[in-house]
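# Breakdown of the fold
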Amino acid sequence: MPSIKLPEGDYTLQGPRDFPMATPPFPRVALAAAHVVADTLADQNPWLDAKIDWDRTIAFRKYLWSLGLGVAEAMDTAQRGMGLDWVAAQELIRRSLDAMQDHPGAVMASGAGTDHLAPGPDVTVDDVIRAYEEQCEAVEAMGGRIILMASRALAKAAKSPADYERVYDRILTQVRQPVVIHWLGEMFDPALEGYWGNHDHMAAMDTALAVIHAHADKVDGVKVSLLDDQKEISMRRRLPKGVRMYTGDDFNYAELIAGDEHGYSDALLGIFDPIAPAVGGALASLSRNDLATFHDILAPTVPLSRHIFKAPTRFYKTGVVFMAWLNGHQDHFVMVGGQQSTRSIRHFSELFRLADKAGLLRDPDMAVARMRTLLALHGAA
């Protein structure tokens, strides 16, 4: 195996791991929130324009489907609200839905929110409802399933939990198919502090559950991204029968997916993008009731995930795209909005080491060559 000099010292790679063959159907629904690949050769203002390399972006979705995973499209992993606007998101959803037709049995759901409505003092709850209606109608018109994303505008405009109940009641009574409600915590997006009308997560949970119970026939599940396994388990046990808990906990996903005597979580996770081969292998093991192999595969991915999602958590997308570059899914390490600059070279160095420990660098020689390039650019070669 090749070696490399990292800022922390010399490191010899262990090499990639052979994961069990992924053979759906799996005993859990597993959706990977997928990143987008920037078009670095476009004539643009990189901080302002969202120019996408559509061929590489869609190829990555096909790769996820080939591993048996579903795709959660146009979510925060795709830099929704951090470089990817609603116009580009619609194009992304349309292209992904078209590509999915070539993959029988493939699963995809797409984010619908209010990100085309800028939060502000003059924005009303009715404005938020209209914005949600516009995006939901657009996704459904393309034949897509909806992930109902948390709204920055609603967090700003709402005066009480009742405002949240009014908005979600209005939207859920109109959607054609059951949706996934997305509760994204403030650690992922500070603008969502106090969502559901309360800064206390447990009190906020009461409001969210009231909405879900009132519209259980229109809710496929709820994705909770609070990075707190006990809060997720508490909410999971209070869901109506038939409504799924999709873990959004990138720190504790292995135990939450495995479950306990009371139930388990399905998954909709950004970390599934960079660790997709391990996820497919782990779920294949779970299909055989081989919990030992399931945990053996996922255990070394958890330190990697905790590093990628470390505070400020909203910058986790940089680690996701870095992994895609190391593994040859794209030819550059440039992101929409210049977001590749949000982490330090020491962060990337540790990420590189942890990815290798998890057996996720599929071509060690290529990964080392690319890491050396990045080190040189940072004056650390």
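These figures come from a predicted structure and were not determined experimentally. (Residues numbered from 1 in each chain as written. Predicted model: local features only at pLDDT ≥ 70, side-chain atom pairs only at ≥ 80, totals over all residues. Heavy atoms only, no water.)

## Topic: unusual backbone geometry
Operational definition: Each helix is a run of DSSP H or I of at least 4 residues and each strand a run of E of at least 2, with the numbering of both proceeding from the N terminus. Relative accessibility thresholds used throughout: buried, under 20% of the residue-type maximum; exposed, over 50%; partly exposed, between the two (1.4 Å probe, protein chains only).
Note the cis peptide between proline 24 and proline 25, where omega equals 5°. If you trace the backbone, proline 25 turns up in the loop between strand 2 (9–12) and strand 3 (30–33). Along the chain, alanine 311 connects to proline 312 via a cis peptide bond; the corresponding omega equals -5°. The residue proline 312 is located in the loop between helix 11 (301–308) and helix 12 (316–326) in this model. Phi at leucine 227 is positive, roughly 55°, even though this residue is not glycine. Checked against the element boundaries, leucine 227 lands in the loop between strand 8 (219–225) and helix 7 (229–236). The exposure class assigned to leucine 227 is buried, which follows from its relative accessible area of 16%.

## Description of the nonpolar core
Which entries qualify depends on this criterion: What makes a nonpolar core is a set of buried Ala, Val, Leu, Ile, Met, Phe, Trp, Tyr and Cys residues whose side-chain atoms join them at distances within 4.5 Å. Contacts are assigned to residue pairs with any non-hydrogen atoms lying within 4.5 Å of each other.
Core analysis: the biggest nonpolar cluster contains 130 residues, and Tyr168, Tyr195, Trp196, Met235, Phe272 and Phe352 have the highest contact counts within it. With sequence-adjacent residues up to four places away left out, phenylalanine 272 is seen in contact with Ala30, Leu31, Ala32, Leu64, Leu69, Ile257, Ala267 and Val279. Within the second largest apolar cluster, ten residues are counted, among which are Ala33, Ala72, Met75 and Leu268.

## Remarks on helix 2 (residues 86–100)
To keep things clear, this is the line we draw: Any helix carries an expected span of 1.5 Å times its number of residues minus one. Throughout, the arc means the angular range of directions from the helix axis out to the C-beta atoms. Here a polar contact is taken to be a pair of N or O atoms separated by no more than 3.5 Å, where protein atoms must pair a possible hydrogen donor with a possible acceptor and residues adjacent in sequence count only if both atoms sit in side chains.
Compared with the 21 Å implied by 1.5 Å per residue over 15 residues, the 21 Å span of helix 2 between its first and last C-alpha is a close match. Considered for burial, the residues of helix 2 that qualify are Trp86, Ala88, Ala89, Leu92, Ile93, Ser96, Leu97, Ala99 and Met100. Down the axis of helix 2, the smallest arc covering the buried residues is 165°, so these residues share one side. Measuring from the side-chain oxygen of the N-cap residue of helix 2 to the backbone nitrogen of valine 87 gives 3.3 Å; that N-cap residue is aspartate 85.

## Some remarks on the side chain of arginine 236
Locating arginine 236 in the fold gives a position in helix 7. Among the polar contacts made by the side chain of arginine 236, one reaches the side chain of aspartate 260 at a distance of 3.5 Å. Those residues in contact with arginine 236, other than ones at most four positions away along the chain, are Met245, Leu256, Gly259, Asp260, Gly263, Tyr264 and Ser265.

## Observations concerning the sheet that holds strand 8
Paired through their backbone hydrogen bonds, the strands of a sheet run either parallel or antiparallel. Rules: Strands are treated as partners if at least two bridges between them are detected by DSSP. Angular values range over 0 to 180 degrees, each being the angle between N-to-C directions of two axes fitted as lines to C-alpha atoms, with helices fitted over their stretch in contact.
Taken in spatial order, the eight strands line up as 3-4-5-6-7-8-9-10 and close into a barrel, and their pairing is parallel. Between one strand axis and the next, the sheet turns by 30° as a mean value, whatever way the strands run. In this sheet, strand 10 (residues 266–269) lies alongside strand 3 in parallel orientation, the contact comprising three bridges. Bridge assignment links leucine 31 to a residue of strand 10, and that residue is leucine 268.

## Observations regarding the pairing of strand 7 (residues 179–184)
Here is the key point about a regular strand: its side chains alternate between the two faces of the sheet. Test applied: By definition, the crossover connecting two strands over a helix is right-handed if that path, from the first strand to the second, turns clockwise as seen with the strands pointing away from the viewer.
For strand 7, the buried fraction is high: six of the six residues fall into the buried class. Burial of strand 7 is two-sided: the residues Val179, Ile181 and Trp183 facing one way and the residues Val180, His182 and Leu184 facing the other way are all buried. Across two bridges, the pairing between strand 6 (residues 146–148) and strand 7 is parallel. Note that in strand 7 the partner of leucine 148 across the bridge is isoleucine 181. By the bridge criterion, six bridges tie strand 7 to strand 8 in an arrangement that is parallel. Following the sheet pairing, histidine 182 is matched in strand 8 by lysine 223. Running through helix 6 (residues 201–214), the crossover from strand 7 to the neighbouring parallel element strand 8 is right-handed.

## Overview of helix 7
For helix 7, the complete set of buried residues consists of Glu232, Ile233, Met235 and Arg236. Viewed end-on, helix 7 has its buried residues packed into an arc of 165°, placing them on one side of the element. Close packing links the buried residues of helix 7 with strand 7, helix 6, strand 8, strand 9 (244–247) and helix 8 (253–258). Measuring from the side-chain oxygen of the N-cap residue of helix 7 to the backbone nitrogen of glutamine 230 gives 3.1 Å; that N-cap residue is aspartate 228.

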